[in-house]
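Residues per chain, in single letters:
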Amino acid sequence: MQLYLHIPFCHRICPYCSFYKHTPGSTDMRAFSDAILLEARNHVQKLGENKLTTLYCGGGTPSMLSPTHLKLLFSGLREIFDFSDLKEVTFEANPATFDLSKAKLFKELGVTRISLGIQSFDNGVLKTLGREHSREEAIAAVPILREAGIKEVNIDLMFSIPGQSLEVWQDTLDTAVSLKPDHISAYNLTYEEDTEFIDKLTTGEYKDDVETNAQMFTAGHDTLTAADFEHYETSNYAKRGTRSTHNLSYWKGSNYLGLGPSAVSTVGNTRWKNLPDTANYIKQINHVGHAQTEIEHLNEEELHLEKIALQLRTSDGLPLDVLSQVERQRAQSVIDEGLARVDGGKMILIGEGRLLVDSIVEHIV
């Protein structure tokens, strides 16, 4: 089983981010940690399964939790779950929220992979994004993690940010490569509902330019593959042997359990989301044992669509034998246009096809 923990706390709310998050305010952190662990116990009892393959702590900013609460959380998880087959423990971190001492704590807790939310190495772009770290702090973060003994380091980057030129994006790419991380995620900025950025897009202050997106996507692909990173998923690049095991499980359609406010779970054909409200999440867990909402049962057609959409994003590709005859004909037109190739009975997007994955899925289905 794959386990995801959502830690919703941030010192500062970034204007582009649509994930559920908030400043700590008056939240009782001990009560929050206890609620996560109680939710975990209840799910394990109900599902009858406690052996983990991967653990991912995301947010929010998990790295802003105090050492006391991190130790409480991880010791509790080890009591509830079987870690004997655990392949990967990923922890998201902001460069401004840890030093060498805390990085060593990550290592002691069993974290094998840190995902750094850097986004850019340009101070002007960082200001636009509302990030609390500087270029200098971002550059210093990777050596700190290496000194602490963290096995793998991922750097999250973002492109097509308002005011970001192609030259500035190229400098960010080159800087990231120079730090010798194991993995780099390069995301095209998307304008999400209920964010400051979508408001500015609506008023015309910001613009979403398809040509700029394509140029920056190509610059990312060319730079990172030239540096021996494998482009194994639309937005993800890895050195040999360092693909994200947890994220690959999502793309392959594996079961996963999400704990914490707003966390999503999918087990079999059932999917549910927790309440996106930390205070009420804690109350619900303590009063009824869960905080589930938006429960849905996926039918075969919905699962089929998800399989196509997720597997086409990866370099492993989509097995053609999962497609109907009509879908295969539509897929063939994509191949004929040079946007995909067939290898070992699988359809693999190439070139501009990687950038057009969403529209290609719509065309096939």
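That block above? That's the structure.
On a predicted model such as this, the values are computed, not experimentally measured, just so you know.

This part takes up the overall build of the chain. If you tally the helices and strands in the chain, you get 14 helices and 15 strands. What you see for the chain is a C-alpha radius of gyration of 21 Å, in line with the 21 Å of a compact globule of 365 residues. Along the first, second and third principal axes, the C-alpha set of the chain runs to 55 × 50 × 45 Å. When each of the 365 residues of the chain is scored for burial, the buried share is 51%. A fraction of 69% describes how many contacts in the chain between residues 6 or more apart in sequence connect residues 24 or more apart. Accessible surface, the chain as shown: approximately 16500 Å² in total, 48% of it carbon and sulfur. Charge separation in the chain, taken as the distance between the mean sites of 35 positive and 51 negative side-chain charges, equals 6 Å.

Another aspect to go through is a negative patch on the surface. Together, Glu192, Glu193, Asp194, Glu196 and Asp199 make up a negatively charged patch on the protein surface. Here Asp194 falls in the exposed class, since its relative accessible area comes to 78%.

As a further point, take the packing of aromatic side chains. Under the criterion given, the structure shown has 11 aromatic pairs. Considering the side-chain rings of Tyr191 and Phe197, the 6.2 Å spacing of their centres and the 35° angle between planes classify their relative orientation as tilted. What makes Phe197 buried here is its relative accessible area of 2%. One aromatic cluster in this structure is built from Tyr16, Tyr191, Phe197 and Tyr206.

Its 19 residues give helix α1 (residues 29-47) an end-to-end C-alpha distance of 27 Å, which sits within 8% of 27 Å, the value for a rise of 1.5 Å per residue. Those residues of α1 not exposed but buried are Met29, Phe32, Ser33, Ala35, Ile36, Leu37, Glu39, Ala40, His43 and Val44. Where α1 is buried, its residues contact β1 (2-7), α2 (67-80), β9 (256-259), β11 (270-274), α10 (278-288) and β12 (292-297). A distance of 3.0 Å separates the backbone nitrogen of Arg30 from a side-chain oxygen at the start of α1, and that oxygen is part of Asp28.

In this chain, Gly59 is followed by Gly60 through a cis amide linkage whose omega measures 15°. By the secondary structure assignment, Gly60 is in the loop between β2 (54-59) and α2. For Lys180, which is not a glycine, the phi torsion comes out positive at approximately 55°. Note on placement: Lys180 falls in the loop between α6 (166-178) and β6 (183-188). In the Ramachandran plot, Asp194 falls in the positive-phi region, its phi being about 60° despite a non-glycine side chain. Considering the arrangement of structural elements, one finds Asp194 in the loop between β6 and α7 (196-203).

In this section: the pattern of salt bridges. Under the definition given, this model contains 10 salt bridges. Across the salt bridge formed by Glu230 and Arg243, the nearest N and O atoms sit 2.4 Å from each other. With a gap of 13 residues between them, Glu230 in strand β7 (residues 230-233) and Arg243 in the loop between β8 (236-238) and α9 (245-251) connect regions that are remote in the sequence. Assessed through its relative accessible area of 23%, Arg243 is described here as partly exposed. The salt bridge partner of Asp316 is Arg243, with a shortest N-O separation of 3.3 Å. With Asp316 in the loop between α11 (300-311) and β13 (318-319) and Arg243 in the loop between β8 and α9, this residue pair connects regions lying 73 residues apart in the sequence. By relative accessible area, which is 33% here, Asp316 ends up partly exposed. Within this structure, Lys51, Asp82 and Asp85 form a network of salt bridges that share partners.

What counts and what doesn't
- Residues numbered from 1 in each chain as written.
- Predicted model: local features only at pLDDT ≥ 70, side-chain atom pairs only at ≥ 80, totals over all residues.
- Heavy atoms only, no water.
- Helix = DSSP H or I, 4+ residues; strand = E, 2+ residues; numbered from the N terminus.
- Rg over C-alpha atoms; globule rule 2.2 N^0.38 Å.
- Buried < 20%, exposed > 50% of the residue type's maximum accessible area, 1.4 Å probe, protein only.
- Contact = heavy atoms within 4.5 Å.
- Areas by Shrake-Rupley, 256 points an atom, 1.4 Å probe, with all protein chains shown as cover.
- Lys, Arg positive; Asp, Glu negative; His and termini not counted.
- Charge placed at Lys NZ, Arg CZ, Asp CG, Glu CD.
- Patch = residues over 30% accessible without salt bridge, like charges linked within 9 Å, V, L, I, M, F, W, Y side chains within 5 Å.
- Salt bridge = Lys/Arg side-chain N within 4 Å of Asp/Glu carboxyl O.
- Phe/Tyr/Trp six-rings, centres within 6.5 Å; stacked < 30°, edge-to-face > 60°.
- Expected span 1.5 Å × (residues − 1).
- Polar contact = N/O pair within 3.5 Å; in protein donor to acceptor, adjacent residues only side chain to side chain.

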